[in-house]
Amino acid sequence: MIESSDFRTKRMSLNHGAGRLPVLGFGTLISDAAATISATRDALEAGFRHFDCAERYRNEREVGEALQAGLGAGGIAREDIFVTTKLWNTNHRPERVEPAFEASMNRLRLDYLDLYLIHTPFAFQPGDEQDPRDQNGNVLYDRGVTLLDTWRALESLVDHGKCRAIGLSDIGLNELLPIYESARIKPAVVQVEAHPYLPETELLEFCREKCIVLLAFAPLGHGMRPGPLEDPVITAIAARVGKTSAQVLLAWAVQRGTALLTTPMTADRARENFNISALPEDALDEINHIQTRQRFNEVVKTGSPGFIPQGR
Ligand SMILES: NC(=O)c1ccc[n+]([C@@H]2O[C@H](COP(=O)([O-])OP(=O)(O)OC[C@H]3O[C@@H](n4cnc5c(N)ncnc54)[C@H](OP(=O)(O)O)[C@@H]3O)[C@@H](O)[C@H]2O)c1
């Protein structure tokens, strides 16, 4: 499933021949428009070829602008990059899927998409308000649509050649299993929070068995401190092997068989996070034995973005 031993060029083949996902991905959850453009450009220049976007991040337009400029200036072909975006919770009704998809494609300036994900398994009241609430501040869910209804609409996008692969995000094994079993086109990718404090071992095992790529977000624990970046096991390994804590965490993610998303905000950090290489086996064992367990992002419990990145 994994090709190439150089992490920087390593890709994972997606099931049903739906393309090859670069293991090192750049995430675009960036609240500022100008910062989105500069960070996306820096990531492309550093060598990142997977760009993870979402309707909910409200910056697909800026990502599209940066990618178009970067591809032109760098002599990089569209086929060399892999673009993911996500359907938001307010668009789960089947008749809303294709319009939401086309709107994302327009903002991203793309004529095909590599991967479309259902952002969370929670359907919100349909409409333009991304965070619909009642007068008491409670989220308004939509009970009139099932996740399988939405999945069928994504399958139809693949049938019509609009996107190459489809998958799910912020989902646990219990919700993934029935979709996997009923799906005509099986999920190619599952995107969830994963790092040494939340290894998602059972889900990873299932994904391995079924040839689904587990795409880890928050591989640096969202940069939270205290968190994995400051864990004594990680800092000791980093000192021993002459790498930074971030490089150790990202290498561990690749070596255990996941693809990853990271969000460096400067050109230096983009190069640091891209230029990673394999850790020795004993270092991997030490990381696998870390006992701390912590989830940083609560989105998986409610469907509401549970986390605002620090400093943004
Ligand atoms: N599906 C979902 O629900 C979901 C949820 C969250 C995220 N995501 C995706 O995952 C992507 C990754 O986001 P993330 O927050 O999870 O990424 P992350 O890489 O775990 O964390 C980013 C944070 O780490 C810091 N950082 C980055 N590189 C560093 C380095 N070399 N050394 C020290 N600190 C470093 C950044 O700090 P500075 O800002 O100071 O550079 C930032 O605060 C997002 O952009 C998004 O595409 C998806």
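Everything here concerns the structure above.
The structure contained in this document is the topic of the report that follows. (Residues numbered from 1 in each chain as written. Predicted model: local features only at pLDDT ≥ 70, side-chain atom pairs only at ≥ 80, totals over all residues. Heavy atoms only, no water.)

Topic: the pattern of salt bridges
- In the structure shown here, the tally under the stated rule is 18 salt bridges.
- Arg 133 is the partner of Asp 131 in a salt bridge, and the nearest nitrogen-oxygen pair spans 3.1 Å.
- Each member of the salt-bridge network shares a partner with another, and the members are Glu 98, Glu 102 and Lys 162. (Salt bridge = Lys/Arg side-chain N within 4 Å of Asp/Glu carboxyl O.)

A closer look at the side chain of Glu 60
- Topologically, Glu 60 is positioned in helix α2 (residues 60-74).
- Accessibility expressed as a relative area gives 2% for Glu 60, which makes it buried.
- A distance of 2.6 Å separates the side chain of Glu 60 from the side chain of Thr 85, its partner in a polar contact. (Helix = DSSP H or I, 4+ residues; strand = E, 2+ residues; numbered from the N terminus. Buried < 20%, exposed > 50% of the residue type's maximum accessible area, 1.4 Å probe, protein only. Polar contact = N/O pair within 3.5 Å; in protein donor to acceptor, adjacent residues only side chain to side chain.)

Focus on the packing of aromatic side chains
- Enumeration according to the criterion identifies eight aromatic pairs in this entry.
- Where Phe 101 meets Tyr 116, the ring centres are 4.9 Å apart and the plane angle is 80°; that geometry is what we call edge-to-face. Of this pair, Phe 101 sits in helix α3 (residues 94-108) while Tyr 116 is found in strand β7 (residues 113-118), placing the two residues 15 residues apart along the sequence. For the pair Phe 101 and Tyr 116, one class covers both residues: buried.
- With a centroid separation of 5.7 Å and 85° between ring planes, the pair formed by Tyr 180 and Phe 206 is classed as edge-to-face. (Phe/Tyr/Trp six-rings, centres within 6.5 Å; stacked < 30°, edge-to-face > 60°.)

Focus: the packing of helix α7 (residues 232-241) against helix α8 (residues 245-255)
- Remark: α7 packs on α8, axes separated minimally by 8 Å, with the N-to-C direction vectors making an angle of 100°. The orientation of α7 with respect to α8, classified from their angle, is roughly perpendicular. Facing Ile 234, Thr 235, Ile 237, Ala 238 and Val 241 of α7, the residues of α8 in contact are Ser 245, Val 248 and Leu 249.
- Residues of the contact of α7 with α8, tallied by class, amount to six nonpolar, two polar and no charged. (Axes fitted to C-alpha atoms, helices over the stretch in contact; angles between N-to-C directions. Parallel < 35°, antiparallel > 145°, perpendicular 65-115°, else oblique. Contact = heavy atoms within 4.5 Å. Nonpolar A, V, L, I, M, F, W, Y, C, P; charged D, E, K, R; others polar.)

Digging into α2
- The end-to-end C-alpha separation of α2 is 20 Å, in line with the 21 Å expected for 15 residues at 1.5 Å each.
- Listing the buried residues of α2 in full gives Glu 60, Glu 62, Val 63, Gly 64, Ala 66, Leu 67, Gly 70 and Leu 71.
- Packing partners of the buried residues in α2 comprise α1 (33-46), β5 (50-52), β6 (82-87) and α3.
- Of the residues one or two after α2, Gly 75 is the one with positive phi, at around 60°. (Expected span 1.5 Å × (residues − 1).)

Some words on the pairing of β7
- The buried count for β7 comes to six of six residues, which makes it a mostly enclosed element.
- Where β6 and β7 come together, four bridges link them in parallel fashion. Looking at β7, one finds that Thr 84 is bridged to Leu 115.
- Between the parallel pair β6 and β7, the chain is carried across by α3, and the sense of this crossover is right-handed.
- With respect to chirality, the unit in which β7 leads through helix α4 (residues 147-159) into the neighbouring parallel strand β8 (residues 163-169) is right-handed. (Pairing = 2+ DSSP bridges. Right-handed = clockwise from strand over helix to strand, strands pointing away.)

Some details on the pairing of β6
- Counted residue by residue, β6 has six buried out of six residues, so it is predominantly covered.
- Crossover β5 to β6 through α2 is right-handed.

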